[in-house]
Protein chains: 2
Amino acid sequence: MPTLKEIQKAHSRIKPFIHNTPVLTNSSLDHLSQAELFFKCENFQKAGSFKIRGATNAVLQLSEEDLYKGVATASSGNHGAALSMAVTALGGKTKVVMPNNTPDIKIRNVKRNGGQIIWCEPNQISRDKALREVLEDTGSILVHPYNDNHIICGQGTTSLELMDECPDLDILITPVSGGGLLGGTLCYAKEKNKNIQVYGAEPMEADDAYRSLLSGEIQSNETTNTICDGLRAQIGTITFPIIRDKVNGIIPISEKDIISTMKMIWERMKIIVEPSCAIALAAVLNNKNIFSDKKVGLILSGGNVDLDQLPWFD
Amino acid sequence: MPTLKEIQKAHSRIKPFIHNTPVLTNSSLDHLSQAELFFKCENFQKAGSFKIRGATNAVLQLSEEDLYKGVATASSGNHGAALSMAVTALGGKTKVVMPNNTPDIKIRNVKRNGGQIIWCEPNQISRDKALREVLEDTGSILVHPYNDNHIICGQGTTSLELMDECPDLDILITPVSGGGLLGGTLCYAKEKNKNIQVYGAEPMEADDAYRSLLSGEIQSNETTNTICDGLRAQIGTITFPIIRDKVNGIIPISEKDIISTMKMIWERMKIIVEPSCAIALAAVLNNKNIFSDKKVGLILSGGNVDLDQLPWFD
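Residues numbered from 1 in each chain as written. Chains lettered and ligands numbered in written order. Predicted model: local features only at pLDDT ≥ 70, side-chain atom pairs only at ≥ 80, totals over all residues.

A. Local environment of the relation of the copies chain A and chain B. Placing chain A over chain B gives an RMSD of 0.0 Å and needs a rotation angle of 180 degrees, together with 0.0 Å of translation along the axis. Here the transformation between the copies is reduced to the relation of a two-fold axis. Measuring from the rotation axis to each C-alpha of chain A, the shortest distance belongs to Ile-271 of chain A, at 2.1 Å. Here 100% of the interface residues in chain A have copies in chain B that are interface residues too; the copies meet face to matching face. (Least-squares fit on C-alpha atoms with pLDDT ≥ 70 in both. Contact = placed C-beta atoms within 7 Å.)

B. A look at the environment of Ile-258 of chain B. All names here are of chain B. Relative to the helices and strands, Ile-258 is located in helix H12 (residues 255–269). The spacing of Ile-258 and Ala-278 is 20 residues in sequence and 6.1 Å in space, taken between C-alpha atoms. Look past the residues within four positions of Ile-258 in its chain and what remains in contact with it is Pro-203, Ile-227, Cys-228, Ile-253, Pro-275, Ala-278, Ile-279 and Ala-282. (Helix = DSSP H or I, 4+ residues; strand = E, 2+ residues; numbered from the N terminus.)

C. Just the packing of helix H3 (residues 51–59) of chain B against helix H5 (residues 78–89) of chain B, in detail. Residues and elements named next belong to chain B. Where H3 meets H5, the closest approach of the two axes is 8 Å, and the angle between their N-to-C directions is 45 degrees. By the criterion of interaxial angle, the relationship of H3 to H5 is oblique. You can see that H3 and H5 cross each other, and the crossing is right-handed. Across from Lys-51, Ile-52, Ala-55, Thr-56 and Val-59 in H3, the residues of H5 making contact are Asn-78, His-79, Ala-82, Leu-83, Met-85, Ala-86 and Val-87. (Axes fitted to C-alpha atoms, helices over the stretch in contact; angles between N-to-C directions. Parallel < 35°, antiparallel > 145°, perpendicular 65-115°, else oblique. Left-handed = near helix turned anticlockwise from the far one by under 90°.)

D. Expanded view of the interface of chain A and chain B. With twelve residues of chain A at the contact, the number on the chain B side is twelve residues. A per-class count over the side of chain A that touches chain B returns six nonpolar, two polar and four charged. (Nonpolar A, V, L, I, M, F, W, Y, C, P; charged D, E, K, R; others polar.)

E. How the structure looks around the environment of His-79 of chain B. All names here are of chain B. Here His-79 lies in helix H5. Sequence separation of His-79 and Val-96 is 17 residues, and the distance between their C-alpha atoms is 9.1 Å. With residues up to four places along the chain from it excluded, the contact list for His-79 reads Lys-51, Ala-55, Thr-73 and Pro-145.

F. Here's a closer look at the pairing of strand E10 (residues 295–300) of chain A. Residue and element names in this part refer to chain A. Summarising burial for E10: five of the six residues are buried, a large majority. Sheet topology note: the strand E2 (residues 36–41)/E10 ladder contains six bridges and is parallel. By the bridge assignment for E10, Cys-41 is matched with Leu-300. Sheet analysis places strand E7 (residues 171–175) next to E10, joined by three bridges and oriented parallel. Considered in E10, the bridge of Ile-171 is made with Val-296. (Buried ≥ 20, exposed ≤ 12 C-beta atoms within 10 Å, placed from the backbone. Pairing = 2+ DSSP bridges.)

G. Highlighting the sheet that holds strand E6 (residues 141–142) of chain A. Residues and elements named next belong to chain A. Overall, parallel pairing links the four strands, which are arranged E5-E4-E3-E6 in an open sheet. Every interior strand has two partners, whereas the edge strands, strand E5 (115–120) and E6, have only one. As defined by bridge partners, strand E3 (residues 71–74) adjoins E6 across two bridges and the pair is classed as parallel. Paired with Ala-72 across the two strands is Leu-142, which belongs to E6. Helix H5 (residues 78–89) contacts E3, strand E4 (94–99) and E5 of the sheet and is inclined by roughly 175 degrees relative to E4.

Geometric descriptors of this kind do not, in isolation, establish any biological role.
The structure is reproduced here in structure tokens:
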């Protein structure tokens, strides 16, 4: 399990390659939530999401020989784009296995950053098979999107920066998908401040983390019919034990609440966030018993939205 | 004509009531424009645009007696919302004459800030008539959206903050409609740094400032068929002489370029800007002969967009 010290080291390692993104506040959302909200804006991050943190941390620790072999991953988009950016910057090649229902903007982001896309069906079995084939056929090195300690350490640097800027937070909340961001957040925040509470927010339509936590064992999603294209992955074997041992709770959110909260953030904060990241505010607004009168840090995880496919027009 | 000193005084006066908005940069837009761009983000301003600056400066100089009579204005929306916010905060009442094709979000903003709306047709004659009737019938005090030295001084504080943060800008560019923002920018910037160039950007479909500058006399718009609902007003008798004497040029922009640039800002900067404010970047991208290799300050004037009516779906 990553330690605070390892996450601090990761931060020193990746700092020259990432943005220290701003923390925004908004009085009308404070009023609505009856809490004091601090939004860590990873939608302004390089390649449009926090994923560049973990990817950079992992890639900087590859040997030259491994980099020369090429790097591969499976990703719904943001990790793929981030990994491609990090690998291309070091002169390597990236292959990204992506589901064939990925939004256009995420496809373009991977391509613009020099990644090569290998298509799969939008389910875990097809994804695993395609990735296995790429690894076997090309000898590429796998950089997993979340089930990897280097990735978890990298994602943990988001809360390092947030807690540096806002040292007296009572609660942190992040979206949860494969668990890299939530895992890294838990490892850093709970060691830094033993009183802090940490929650994950997850779509009801892909609530494997919620059900896994309830049952104590990893559960899978039979379907992932959620607008949150970044939150369809399955909780990992490395990330799950961290979450099980440390998290204060996983909060499942309906599609309707995700979409209306995303629109609310756009209208009131004047920033573009993707559905996968609006979910954290939706959890806060729907659970006043947990969050009211608290100082709450929310990680706005990314801003890669296809502007031609906005959910409130569906 | 407002002086640098008056604008500095206005800034001290309004400072406690406004945000000092952030200045953002974006490496991909720098690359595309071949310039160094500094975006002053008034889309994050209170009531969603720079208009709160002028409105606050004007309202704070009203006598208690005048405030008691009530305040009235004609506005396509942003000035109306800003004036309502400023007046309501001091306990007064605001009447806002608005064209009946104003986007919903701007209507809601006026109402939320306590303003009362009086509808008119979307043309200058109907607007003037409705406003005259309100003033005569109610004895309200007029706070004009731009043709007023207090307003011009208030709007000029935007470039005061921008030039404080980025002291070595070569060029400033703002949208132009009635001329309050451009006028205030010219009065401040040209006195602060005699070498700075200042441009205005205007829709081709409402290019009265451009034609007025060419002819040396105020010209009117026969139609204002532009997506920029904030840029349909007519250049003013107080603002025009400032612009005529000081501006380096007015750049007319097509609707197509305004819309594609607005989408580009959303996608690359992950911030919500209204069409009226995307126009400044469109002018920079279309005029490399003026802007390339320069440090350019762009005033992103506002972020009040109706998210149910996005122009790229039309």
